[in-house]
Amino acid sequence: MSVENAPVVDVDEAAIPVEKKMYYRFESNDKKEFRVSELAIQQSETLNRLVEAMGYTSEDVENKPAIAIENIDGKTLKLVFQWCEHHKGEAIPVDDGSVPKIVEIPEFDAKLMDIDNGLLFKLIWAADYLNIVQLLNVSCKKVANMAQGKTPAQLRRVYLLPSDEEDEAAKRAAQEAQDPRAREVEEEFEERKRQGGNSFF
Amino acid sequence: MSSFPLNKLSNNAAKSVLMHMEPQEKLAYSLCSKASKNAVKSLNLSTSMIKFEVGMKILVTVQIDRNTELLILLALDMNLASFPPGQDFEIRVMLSSTETGIWSLSKFTNQTILHHLLDIFHHPRLDDLSFDDEAIPFEAIEPIREVVDGVKLGSLTLIWPLTDHFRSRAIRTFQNYEELT
């Protein structure tokens, strides 16, 4: 049936129940406030559980203080909520254990993540902390793409990977920073292991 | 070249980055340090087959999935009698038929590269060791034995034009195979 031939039905708009959209207020650690729709929040398992547990009404949202997210700054949280609003209502991917993961970065996400690596680091940290699976996937994919065509030597520079010697030095420094008695016990334990003992006592 | 502090991410996020890498990038990452090797091992990668071909070149093939192979060319223009030494040497890495890079590696030998591959793919054996060029010098057998020393062999493949002398020596040298083809 063409659009022209479709029957015209008069609709009493007043009779249609209008579902009021629920928004929540969040505050970053540098006191920036954001209003985020309930549907967008569902992309974050952490925030979704939090607002469910709080059981806020629309009035509560307006009258009570904004929900504080104490370890994410405003610049990062803005990106997070922009992403959640854009992808609200989309299914949350389930990890099927496949390696490598097949993830395409959509155009919107690519533009959103056209940021310096410092902010990208914070975005990944936030996506992980707030448990936003697909945002974590696309942001990690962007970091994984930095490895394309790189040799091991280049990867060390790209990802700032310490050498074995640097790892050993860091381990030694951490041991030295321990309580001296704890270190003595550990050394004694290692010595006994070397001598073939399988029990410390 | 911009940098990103991957190790400063949480384990979960850092692991997610590695899982999104292509096979050759995971291999490159695993070759960066002991810690990076362990990180790749933790991904529980697997392969259905690893084979080691000795001809006028030495090629290790890792079957990633039905359509994808990771090929590691250990020696290009090889004089097998003077096998590549334990210092820096170059490997060529290909994904199926596409060359993805030439890597200069220090602290690795052909033997440690082979063990590294078996280790990161959690593969218990070398599925096939094949000598597939009649021009392979007799003296190549011993260096190859050193490379595969301690590795279980699925099959030993010796192509027909190899001399009887070469074949019998190879059979005596590589005794721990399950099948001779």
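Quantities reported herein were computed from a predicted structural model and do not represent experimental measurements.

### Quick notes on the overall build of chain B
Right, so step 1: What chain B contains, in helices and strands, is six helices and eight strands.
Right, so step 2: Each helix and strand of chain B, ordered N terminal to C terminal, gives the series α-α-α-β-β-β-β-β-α-β-α-β-α-β.
Right, so step 3: Relative to the compact-globule value of 16 Å for 181 residues, chain B shows a C-alpha radius of gyration of 17 Å, a close match.
Right, so step 4: Dimensions along the principal axes, computed over C-alpha positions, put chain B at roughly 60 × 30 × 30 Å.

### Thoughts on the interface of chain A and chain B
Interface size is commonly expressed as the accessible area that is lost once the parts come together.
Right, so step 1: Each side of the interface is counted separately: chain A has 35 residues, and chain B has 34 residues.
Right, so step 2: If you look at where chain A meets chain B, you find one salt bridge.
Right, so step 3: The partner of B:Lys107 in a salt bridge is A:Glu165, and the shortest N-O contact between them spans 3.1 Å.
Right, so step 4: At the boundary of chain A and chain B, one finds eight residue pairs in polar contact (both at pLDDT 80 or more).
Right, so step 5: Looking at the side of chain A that touches chain B, the elements with two or more residues in it are helix H6 (117–129), helix H7 (133–145), helix H8 (152–158) and helix H9 (164–176) of chain A.
Right, so step 6: Tallied by class, the residues present in the side of chain A that touches chain B amount to 19 nonpolar, seven polar and nine charged.

### Overview of the UniProt feature "domain: SKP1 component POZ" (unreviewed entry) in chain A
Right, so step 1: Per the UniProt annotation, the sites labelled "domain: SKP1 component POZ" (unreviewed entry) are residues 26–88 of chain A.
Right, so step 2: Regarding residues 26–88 of chain A, the helix share stands at 52% and the strand share at 14%, and the terminal C-alpha atoms are separated by 17 Å.

### A closer look at the pairing of strand S8 (residues 177–180) of chain B
Successive side chains on a regular strand alternate, one facing one side of the sheet and the next facing the other.
All names here are of chain B.
Right, so step 1: Two strands pair when backbone bridges link them, and strand S7 (residues 152–158) and S8 are joined in this way by three bridges, in the parallel orientation. Bridging across to S8, Leu 153 finds its partner in Tyr 177.
Right, so step 2: Assessed by its sense of winding, the connection that carries the chain from S7 through helix H6 (residues 164–173) to S8 is right-handed.

What counts, and at which threshold
Residues numbered from 1 in each chain as written. Chains lettered and ligands numbered in written order. Predicted model: local features only at pLDDT ≥ 70, side-chain atom pairs only at ≥ 80, totals over all residues. Heavy atoms only, no water. Helix = DSSP H or I, 4+ residues; strand = E, 2+ residues; numbered from the N terminus. Rg over C-alpha atoms; globule rule 2.2 N^0.38 Å. Contact = heavy atoms within 4.5 Å. Salt bridge = Lys/Arg side-chain N within 4 Å of Asp/Glu carboxyl O. Polar contact = N/O pair within 3.5 Å; in protein donor to acceptor, adjacent residues only side chain to side chain. Nonpolar A, V, L, I, M, F, W, Y, C, P; charged D, E, K, R; others polar. UniProt positions renumbered as here; feature names shortened; annotations may be inferred. Pairing = 2+ DSSP bridges. Right-handed = clockwise from strand over helix to strand, strands pointing away.

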